[in-house]
Structure formats: C-alpha cells, structure tokens
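Fold and geometry: a report
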Amino acid sequence: LVVAEVMQRQGLGRKLWYAARDGVCLQHSVPPIFTVNATLNAAPFYARIGFDTAGDVVEKGRVRLQPMRYDWAIDPSYGRPAAQLDLSAVALDERL
C-alpha cells in the first residue's frame, strides 16, 4: 500500500486498507491473514492499523523491510464498519 507523499497524513492509507481488508474478508468464510514486508518508514503506519511484527528486519537489495502480519480473526476493530472509500482519492495517478 503506497500513498503519494503529498496525500499522506490525511487518512487515505487507512481508508484504502479498510476497503481492501473488508473486500477480501467478505469473500472468505475463514478469516484471512495478511502479510506485508513494510519499509521501516511504513512500519509504524501498519502497526497503527493492526499489523504486528512477524520476524526480524530483512534486507532486500539496499532496502530494509520489517515483516508484518495482520490476523483478521483477532482484530477488535473489525466489528465496526470500515470508513467509506473516497473514490476520488483512489485516482491519485490522474491528479499527480
């Protein structure tokens, strides 16, 4: 999940995550587990939306990545509806 720098800190990443999570979760009868290799700059964001670290930092090329895991079955926030996805914000590539 990548949000253009000029659009960061506006809740867009959280909205995109909720939309993606909810879309996947509605399609599965078994709660899915999501994994990401977050850059060290992005790891705090993933932690705020419910991901836990899932191992030691790894280096791929010159990029250091933190493996992270989100288990839908244990997320206490899932009981509330996800924020509405702002479709105009998804079209970032058209505006930037």
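Bear in mind the structure is a predicted one, so any value in this text is a computation, not a measurement.

About the thresholds
Residues numbered from 1 in each chain as written. Predicted model: local features only at pLDDT ≥ 70, side-chain atom pairs only at ≥ 80, totals over all residues. Heavy atoms only, no water. Helix = DSSP H or I, 4+ residues; strand = E, 2+ residues; numbered from the N terminus. Buried < 20%, exposed > 50% of the residue type's maximum accessible area, 1.4 Å probe, protein only. Contact = heavy atoms within 4.5 Å. Areas by Shrake-Rupley, 256 points an atom, 1.4 Å probe, with all protein chains shown as cover. Salt bridge = Lys/Arg side-chain N within 4 Å of Asp/Glu carboxyl O.

1. Focus: the overall build of the protein
In terms of regular secondary structure, the protein is built from 4 helices and 4 strands. Along the protein, helices (α) and strands (β) appear in the sequence α-β-α-β-β-β-α-α when read from the amino end. Taken across its 96 residues, the protein has 30% of its residues classed as buried. A separation threshold of at least 6 residues defines the contact pool for the protein, and within that pool the share at least 24 residues apart is 56%. Of the roughly 6,700 Å² that the protein leaves accessible, carbon and sulfur atoms contribute 54%.

2. Re the pattern of salt bridges
Within the structure shown, the criterion is met by 1 salt bridge. Between Arg21 and Asp22 there is a salt bridge, with its nearest N and O atoms 3.0 Å apart. There is no split in this pair, since Arg21 and Asp22 are both buried.

3. Some remarks on the environment of Asp56
Within the element layout of this structure, Asp56 appears in the loop between strand S2 (52–53) and strand S3 (58–60). Relative accessible area serves as the criterion here: at 66%, Asp56 is assigned to the exposed category. For Asp56 and Met68, which are 12 residues apart along the polypeptide, the C-alpha to C-alpha distance reads 9.6 Å.

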